[in-house]
Amino acid sequence: MTKQTGHTLLLLAASLIWGLAFVAQSMGSDLGAYTFLASRSWVALGILLPMILAFDTIRKKRGAPAGGPKTKADKKRLFLGAFTCGTALFAASAAQQIAITIDPSTAKASFITAMYVVLVPVGGILIGRRCGAQVWCCVALSVLGLYLLCMQGGFGSISASDWILLLCAALFSCQILLVDYFSPLVDGIRLSFGMFFVEAVWSTIFAFAFEQPAWGQITAAALPILYCGLLSSGLGYTFQILGQEGLNPAVASLAMCPESVFGALGGWLILGQTLTGREIGGCALIFAAVVLAQVPLKALCGKAAAGAEENG
């Protein structure tokens, strides 16, 4: 097995873990959205802290310095990155969990959330990154898919949970752009820990402000909380960090795209949820848009043209 194959398999494993997390979130939807989010976030910190120590130990054995901040400026960057990324992650995750609480359909949640892959390049316009025709075609394709998936009776039939999921996708786009900015400047594992710590604090504050957290309810939802905390947040993000190391970003994005498919399959196999033919068509269009947004068509066309010239 080559190094690239191994990294791709790690990202596929992460997409499987994240896809099945939609099932766990649906199973935990009886718990308040903020209470569920707070519980999984604190659990995630329990696995991320030893990961920091483990990665520092590995660096020391290789003769490299620890990944912690070295100067006051480094600490400030890490704090700012953790606060902004964590706040965005809290807002996006809270919107997602609230939508699943209203409508526990894992297929809708996973496919609409996956639209962040299309929205990220569009959001990049705000920070001076241009979008080509390929991206705009993918946006149009995803909007058509969204129409088939969510608007069974026309434009007036889109539900409140669908609007919240669209907001969730936009918020995840902001979070991804923030991580893209801060991740080269700070240690990745520490950024993840700080991000989840901020998310845990925000969700705990909102849980006590707007809900009535009860220990009995939390223990009753222990299985989905542990899955989302330990596997989705802890292990899934670790696989992502390790898998993306030295891998082409386009290949990495494609490897993580099946998250939405695994979410739909999990809802069908585990929860017995079904989709109409129209909804399946909408999911297919959104997934196609997500994949096409990451395929380097210009590079592929350039290679094809060069090959044709050599053969000619």
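Computed from a predicted model, the values in this text were never measured in an experiment. (Residues numbered from 1 in each chain as written. Predicted model: local features only at pLDDT ≥ 70, side-chain atom pairs only at ≥ 80, totals over all residues. Heavy atoms only, no water.)

## Some details on the overall build of the protein chain
The criterion, for reference: Only DSSP runs of H or I reaching four residues or more are called helices, and only runs of E reaching two or more are called strands; each is numbered from the N terminus. A 1.4 Å probe rolled over the protein chains alone gives each residue an accessible area, and that area as a share of the maximum for its type sets the label: buried under 20%, exposed over 50%, partly exposed in between. The contact definition used throughout considers only heavy atoms, calling two residues in contact when any of these lie within 4.5 Å. Under the convention used here, a 1.4 Å probe and the Shrake-Rupley method define accessible areas, while residue burial counts only the protein chains that appear.
Helix and strand counts for the protein chain stand at 14 helices and 0 strands. If you list the helices and strands of the protein chain from N to C, you get α-α-α-α-α-α-α-α-α-α-α-α-α-α. Burial status across the protein chain gives 46% buried among its 312 residues. Here the contacts in the protein chain between residues at least 6 apart in sequence split such that 88% fall between residues at least 24 apart. Summing over all exposed atoms, the protein chain offers an accessible surface of approximately 15400 Å²; the carbon and sulfur share of this is 70%.

## Some details on the packing of helix 2 (residues 33–61) against helix 8 (residues 188–210)
Going by this rule: Here an angle of 0 to 180 degrees is reported between the N-to-C directions of two axes, which are lines fitted to C-alpha atoms, with helices fitted over the stretch in contact. Orientation is classified from the angle alone, with under 35 degrees giving roughly parallel, over 145 giving roughly antiparallel, 65 to 115 giving roughly perpendicular, and any other angle giving oblique. Handedness of a crossing follows from how the near helix is turned relative to the far one, being left-handed for an anticlockwise turn of less than a right angle and right-handed for a clockwise one. Any residue that is not Ala, Val, Leu, Ile, Met, Phe, Trp, Tyr, Cys, Pro, Asp, Glu, Lys or Arg is counted as polar, Gly included; the first ten are nonpolar and the last four charged.
Between helix 2 and helix 8, the shortest axis-to-axis distance is 8 Å and the interhelical angle comes to 160°. Taken as axis vectors, helix 2 and helix 8 run roughly antiparallel relative to one another. The two elements helix 2 and helix 8 meet at a crossing, and its hand is left-handed. Its residues assigned to classes, the contact of helix 2 with helix 8 comprises 20 nonpolar, 5 polar and 4 charged.

## Regarding the packing of aromatic side chains
For clarity, the threshold we go by: Here the aromatic set is Phe, Tyr and Trp, taking the six-membered ring for Trp, and pairing holds for ring centres within 6.5 Å; pairs whose planes are under 30 degrees apart are stacked, those over 60 apart are edge-to-face, and all others are tilted.
Within the structure shown, the criterion is met by 10 aromatic pairs. Relative to F206, the ring of Y34 lies with its centre 5.2 Å away and its plane at 50°, an arrangement referred to as tilted. A residue pair is termed long-range when its members are at least 10 positions apart, and Y34 in helix 2 and F206 in helix 8 qualify at 172 residues. Judged by its relative accessible area of 16%, Y34 is buried.

## Thoughts on the confidence of the model for the protein chain
The predicted coordinates ought not to be read in detail in places where the model reports low pLDDT. Worth spelling out the cut-off: Known as pLDDT, the predictor's confidence for each residue is given on a scale from 0 to 100.
Considering every residue of the protein chain, the mean pLDDT works out to 80; 80% of them sit at 70 or more. At the low end of the mean pLDDT range in the protein chain sits helix 14 (residues 297–311), at 55; at the high end sits helix 8, at 93.

## Section: the pattern of salt bridges
Opposite charge on two side chains permits them to pair, given that their charged atoms come into close proximity. We count it as follows: A carboxyl oxygen of Asp or Glu within 4 Å of a side-chain nitrogen of Lys or Arg is what we treat as a salt bridge.
Following the criterion strictly, the structure yields 5 salt bridges and no others. The residue R190 makes a salt bridge to D56 at a minimum N-O spacing of 2.5 Å. Of this pair, R190 sits in helix 8 while D56 sits in helix 2, and the two are 134 residues apart along the sequence. According to the relative accessible area criterion, R190 is buried, its value standing at 18%. Taking the relative accessible area as the measure of exposure, D56 reaches 10% and is therefore buried. A cluster of three or more residues bridged by salt bridges with shared partners is formed by D56, R59, D187 and R190.

## Thoughts on the packing of helix 3 (residues 72–102) against helix 8
The N-to-C vectors of helix 3 and helix 8 enclose an angle of 50°; their axes lie 7 Å apart at closest approach. By the angle between their axes, helix 3 is oblique relative to helix 8. Here the hand of the crossing between helix 3 and helix 8 comes out right-handed. The segment helix 3 lies against helix 8, with L78, G81, A82, F83, C85, G86, T87, L89, F90 and S93 engaging R190, L191, G194, M195, F196, V198, E199, W202, S203 and F206.

## Side note on helix 7 (residues 160–182)
Here is the rule we go by: Expected span, for any helix, means 1.5 Å times one less than how many residues it has.
With 23 residues, helix 7 should reach 33 Å at 1.5 Å per residue; the first-to-last C-alpha distance of 33 Å fits that figure. What helix 7 keeps buried is the set S161, D162, L165, C168, A169, F172, S173, Q175, L177 and F182.

## Here's the deal with the environment of Q217
Checked against the element boundaries, Q217 lands in helix 9 (residues 215–220). Excluding its chain neighbours within four sequence positions, the residues that come into contact with Q217 are L31 and Q212.

## Observations regarding a nonpolar patch on the surface
Inclusion rule: Patch construction takes residues with relative accessible area above 30% that form no salt bridge. Like charges are linked within 9 Å, and nonpolar side chains (Val, Leu, Ile, Met, Phe, Trp, Tyr) are linked within 5 Å.
Side chains of M27, L223, L265, W268, L269, I270 and L271 sit close together on the surface and give an oily, nonpolar patch of about 740 Å² of accessible area. Sort the elements by how many residues they give to the nonpolar patch and helix 12 (residues 259–269) lands first, with 3 residues. Within the fold, L223 resides in helix 10 (residues 222–244). You can call L223 exposed: its relative accessible area is 63%.

## Observations regarding the nonpolar core
Selection criterion: Here, the term nonpolar core denotes a set of buried Ala, Val, Leu, Ile, Met, Phe, Trp, Tyr and Cys residues that are joined through side-chain atoms within 4.5 Å.
W18, L89, F172, M195, F196 and Y237 are the most contacted members of the largest nonpolar core, which totals 26 residues. Listing elements by their share of this core, those giving two or more residues are helix 1 (3–27), helix 2, helix 3, helix 7, helix 8, helix 10 and helix 11 (249–256). A per-element tally of this core places helix 3 first, with 5 residues. Leaving out residues up to four positions away in the same chain, F196 has contacts with S41, A44, L45, L48, L89, S233 and Y237. Of all hydrophobic cores here, the second largest spans 8 residues; its members include A24, L31, I218 and A221.

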